[in-house]
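Each chain is listed here by its residues.
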Amino acid sequence: MKRRIVSATVNNQSGVLHRITGLFTKRQFNIESITVGVTEIEGVSKMTFVVNVEDDRQVEQLIKQLNKQIDVLKVSDITEQAIVARELALIKVISNAQTRSEISGIVELFRASIIDVSRESVTVQVTGDSEKMDAIIDLLRPYGIKELARTGITAFPRGSQKSVANMKQYSLLK
């Protein structure tokens, strides 16, 4: 299975999301994540779908079917493009006075933030790519995750400047 990111610009009308997800269901595509929100143009929304397909032919067929929908303005498979992609996660972690500073240290390393504190838990907000989400969740899991909510990927192509390839990755951890 191949993971594909499909972006659709649609009219912001009642029932559009239902019709589009119905098309995915009819074609037996499982939507791994979906985000929808308004754009800079009034009355227009952007949808970002992450789907798993068996081959390129399947994603081509999906795009053709989406383009036939009345309220769909534009559809693109942006998986292979240089894209800007982010996800948001809210993670409620069990904590007490002793573990709160350890959790805070992890949160700092990920440039995340603690947005709520109670006697028995802290709530962490983190944004970034899916790998970052997975990594912080794995590090917080031993403390006990009470609740977790992830938005799914929101993405669009980068600007027209040349993309930088083979950038060196730096880590605070050795």
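Presented here is an overview of the structure given in this document. Note that the coordinates shown come from a computational prediction; the quantities given were computed from them, not determined experimentally.

So, on to unusual backbone geometry. With a phi close to 60°, Gln-28 is a non-glycine residue in the positive phi region. By secondary structure assignment, the location of Gln-28 is in the loop between α1 (16-26) and β2 (31-38). You will see that Arg-111, though not glycine, has its phi angle at about 55°, which is positive. Mapping Arg-111 onto the fold places it in the loop between α3 (97-109) and β6 (113-117).

On to the nonpolar core. Residues Ile-20, Phe-24, Phe-49 and Leu-66 are the most contacted members of the largest nonpolar core, which totals 18 residues. In terms of nonpolar packing, the next biggest core, distinct from the first, is built from 15 residues, Ala-89, Val-93, Ala-112 and Leu-140 among them.

Time to look at a positive patch on the surface. A cluster of like positive charges, contributed by Lys-26, Arg-27, Lys-64 and Lys-68, occupies part of the molecular surface. In this structure, Lys-68 sits in the loop between α2 (56-67) and β4 (72-77). Note on Lys-68: relative accessible area 62%, which makes it exposed.

Looking now at α3. Every buried residue of α3 is listed here: Thr-99, Ile-103, Ile-106 and Val-107. The buried residues of α3 occupy an angular sector of 100° when projected down its axis, which confines them to one face. Facing away from the buried side of α3 by more than 90 degrees, the exposed set consists of Ala-97, Gln-98, Ser-101 and Glu-108. Its buried side turned inward, α3 meets β5 (83-94), β6, β7 (121-128) and α4 (130-140). Immediately beyond the C-terminal end of α3, within one or two residues, lies Arg-111, with a positive phi of roughly 55°.

Structurally, the position occupied by Gly-159 is in the segment after β9 (154-157). The exposure class assigned to Gly-159 is partly exposed, which follows from its relative accessible area of 46%. The spacing of Gly-159 and Val-84 is 75 residues in sequence and 9.2 Å in space, taken between C-alpha atoms.

Running from amino to carboxyl end, α1 crosses α2 at an angle of 145°, the nearest separation of the two axes being 11 Å. Judged by the twist between their axes, the crossing of α1 over α2 is right-handed. Between α1 and α2, the residues in contact are Ile-20, Leu-23 and Phe-24 and Leu-62, Gln-65 and Leu-66, respectively. When grouped by side-chain class, the residues that make up the contact of α1 with α2 number five nonpolar, one polar and no charged.

With that settled, consider the pattern of salt bridges. Within the structure shown, the criterion is met by nine salt bridges. Between Arg-4 and Asp-77 there is a salt bridge whose closest N-O contact spans 2.6 Å. With Arg-4 in strand β1 (residues 2-11) and Asp-77 in strand β4, this residue pair connects regions lying 73 residues apart in the sequence. Look at Arg-4 and you get buried, because its relative accessible area is 8%. Overall, Asp-77 belongs to the buried group, its relative accessible area being 18%. Salt-bridge contacts for Arg-150 lead to Glu-87; the nearest nitrogen and oxygen are separated by 2.7 Å. Of this pair, Arg-150 sits in strand β8 (residues 145-150) while Glu-87 sits in strand β5, and the two are 63 residues apart along the sequence. When its relative accessible area of 34% is taken as the criterion, Arg-150 is described as partly exposed. Among the charged side chains, a network of salt bridges with common partners joins Arg-4, Asp-77 and Glu-80.

Here we take up the sheet that holds strand β3 (residues 44-53). Across the sheet, which stays open at both edges, the four strands sit in the order β2-β3-β1-β4 with antiparallel pairing between neighbours. With partners counted over all chains shown, the strands left at the sheet margins are β2 and β4, one partner each. Sheet twist, expressed as the mean angle between neighbouring strand axes with direction ignored, is 15°. In this structure, β1 lies alongside β3, joined through ten bridges in antiparallel fashion. Opposite Asn-11, over in β3, you have Val-44 as the bridge partner. On top of the sheet, α1 reaches β1, β2, β3 and β4; it is set at about 15° to β3, its chief contact.

What counts, and where the lines are drawn
Residues numbered from 1 in each chain as written. Predicted model: local features only at pLDDT ≥ 70, side-chain atom pairs only at ≥ 80, totals over all residues. Heavy atoms only, no water. Helix = DSSP H or I, 4+ residues; strand = E, 2+ residues; numbered from the N terminus. Core = buried A, V, L, I, M, F, W, Y, C linked by side-chain atoms within 4.5 Å. Buried < 20%, exposed > 50% of the residue type's maximum accessible area, 1.4 Å probe, protein only. Patch = residues over 30% accessible without salt bridge, like charges linked within 9 Å, V, L, I, M, F, W, Y side chains within 5 Å. Areas by Shrake-Rupley, 256 points an atom, 1.4 Å probe, with all protein chains shown as cover. Salt bridge = Lys/Arg side-chain N within 4 Å of Asp/Glu carboxyl O. Lys, Arg positive; Asp, Glu negative; His and termini not counted. Charge placed at Lys NZ, Arg CZ, Asp CG, Glu CD. Arc of directions from axis to C-beta. Contact = heavy atoms within 4.5 Å. Axes fitted to C-alpha atoms, helices over the stretch in contact; angles between N-to-C directions. Left-handed = near helix turned anticlockwise from the far one by under 90°. Nonpolar A, V, L, I, M, F, W, Y, C, P; charged D, E, K, R; others polar. Pairing = 2+ DSSP bridges.

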